[in-house]
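Overview (structure and organization)
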Amino acid sequence: MTATSVRFATDDEIARWDELIETNPDGGIMTGARAMAAIKRYDRLEPRFLVVEGAETVYALAHEGTVWLGRYWYVPLGPTCDDLEGMVAAIRAFGLAQEGLLAIKVEPHLLRSPELVARMEATGAVRSRDMQLLTHTVVLDLTRGDDLIMDFQKKLRSSIRGAENKGYRVERIEAADATEADMVRFYELLKTINGGKGVAAMREYAYYRLFWTEFAKTGNGRFYFGYDDDSADAQAAIFVTLAGRTAVYKDGGSRPVRSIAGGAALLLWRAMQDAAADGKAAFDLCGTPRPELMDDTTHWYHGVGQFKKKFGPVVSYLPSFDIVLRPVRHRLWERLVRRIEWRLKPGTDALR
């Protein structure tokens, strides 16, 4: 078996990053895109572009955070490869060579199974909580083409076709062509969800604007607005990322009052058709409750989860694992310092 090693990416590789992540075993996805490097700087996290080389080459984006006792890296939905043991060993060796690095959190983007969880734990990696909304989600196979709609629940298919027949209008805007007014009206639709409270943990407009514009810069973002009357006021809107071979339904919002039902589902179906035409292999609906909590009406994501499961079954990917590099210092930070630090210095805590 080829030995696995890790290195920092070259400037040329970083310049071609979104092209290179498509060669990853999982085909690449939003969380590993170059745009995320700039977006996460908003949360005071610095990008580290890594190349894992072995039987398979994996291009993995890590985010570095600084805490009082050192630094940490977090690789969302990666690195993904078959040789989990070799990957963890190589990540550990490379991390130990980085001064002051406490731990590296990894999330191989592989479907969860007891066998794979056991293999990760056998490497000495410590299981952590689920960090990503995309850990539990609905993923649709775009290679099925227009036949994919037959996998949707019957009522959803009828709703989509009904919206089309009743004249629900769909406006597609490439993110690079979106105006400030487009982004503002999208954000206003986000706030109409959940009785006007917005989505859980909804962030300020500046963050969403940064997210959308960074994906616009790399040509990997797309807005869809839907209209159920002749006015210029959109009834619903979605934003889709196109980095890697998996498109992701990142954001969405709609007015609760509508004259044509099924518009939100129609927007997603059009986005799936467009992504398939662009050569994307899969479409991720970006998160649901855990499978065992799907019917829990008290769950903060219950309503959204019920809508998404109409498109297909919920799947779960591997949870997060911490590769602890400096156990004593890491334990001290985890058990004592972290709670004090984050009370005094709020921020993204990827070591929780």
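Shown above is the structure to which this text applies.
Here goes a summary of the coordinates provided. (Residues numbered from 1 in each chain as written. Predicted model: local features only at pLDDT ≥ 70, side-chain atom pairs only at ≥ 80, totals over all residues. Heavy atoms only, no water.)

As a further point, take the overall build of the protein chain. For the protein chain, the count of helices and strands is twelve helices and 14 strands. If one aligns the C-alpha atoms of the protein chain with their principal axes, the spans along those axes are about 65 × 45 × 40 Å. For the protein chain, the proportion of its 352 residues judged to be buried stands at 52%. The long-range share in the protein chain, meaning contacts at least 24 apart out of those at least 6 apart in sequence, stands at 71%. Looking at the protein chain as shown, the accessible area adds up to about 15,500 Å², and 52% of this sits on carbon and sulfur atoms. Separation of charge centres in the protein chain, based on 48 positive and 48 negative side chains, amounts to 6 Å. (Helix = DSSP H or I, 4+ residues; strand = E, 2+ residues; numbered from the N terminus. Buried < 20%, exposed > 50% of the residue type's maximum accessible area, 1.4 Å probe, protein only. Contact = heavy atoms within 4.5 Å. Areas by Shrake-Rupley, 256 points an atom, 1.4 Å probe, with all protein chains shown as cover. Lys, Arg positive; Asp, Glu negative; His and termini not counted. Charge placed at Lys NZ, Arg CZ, Asp CG, Glu CD.)

Our focus in this paragraph is a nonpolar patch on the surface. A contiguous nonpolar surface patch, about 520 Å² in accessible area, is contributed by Trp68, Leu332, Leu336, Ile340 and Leu344. For Leu344, the location among the structural elements is in helix H12 (residues 327–344). (Patch = residues over 30% accessible without salt bridge, like charges linked within 9 Å, V, L, I, M, F, W, Y side chains within 5 Å. Salt bridge = Lys/Arg side-chain N within 4 Å of Asp/Glu carboxyl O.)

Bringing the sheet that holds strand S3 (residues 57–67) into the picture now. Spatial ordering of the open sheet is given by S1-S2-S3-S4-S5-S14-S6, a layout of seven strands whose pairing is mixed. Two strands bound the open sheet, and with one partner strand each, they are strand S1 (5–8) and strand S6 (126–127). As paired strands, strand S4 (residues 70–75) and strand S5 (residues 101–106) are joined by five bridges and run parallel to one another. Bridge pairing links Tyr74 to Lys105 in S5. Its contacts with the sheet put helix H4 (residues 84–96) on S1, strand S2 (46–53), S4, S5 and strand S14 (321–324), and the angle it makes with S1 is roughly 45°. With respect to the sheet, H12 is in contact with S3, S5 and S14, its orientation differing from that of S3 by roughly 55°. (Pairing = 2+ DSSP bridges. Axes fitted to C-alpha atoms, helices over the stretch in contact; angles between N-to-C directions.)

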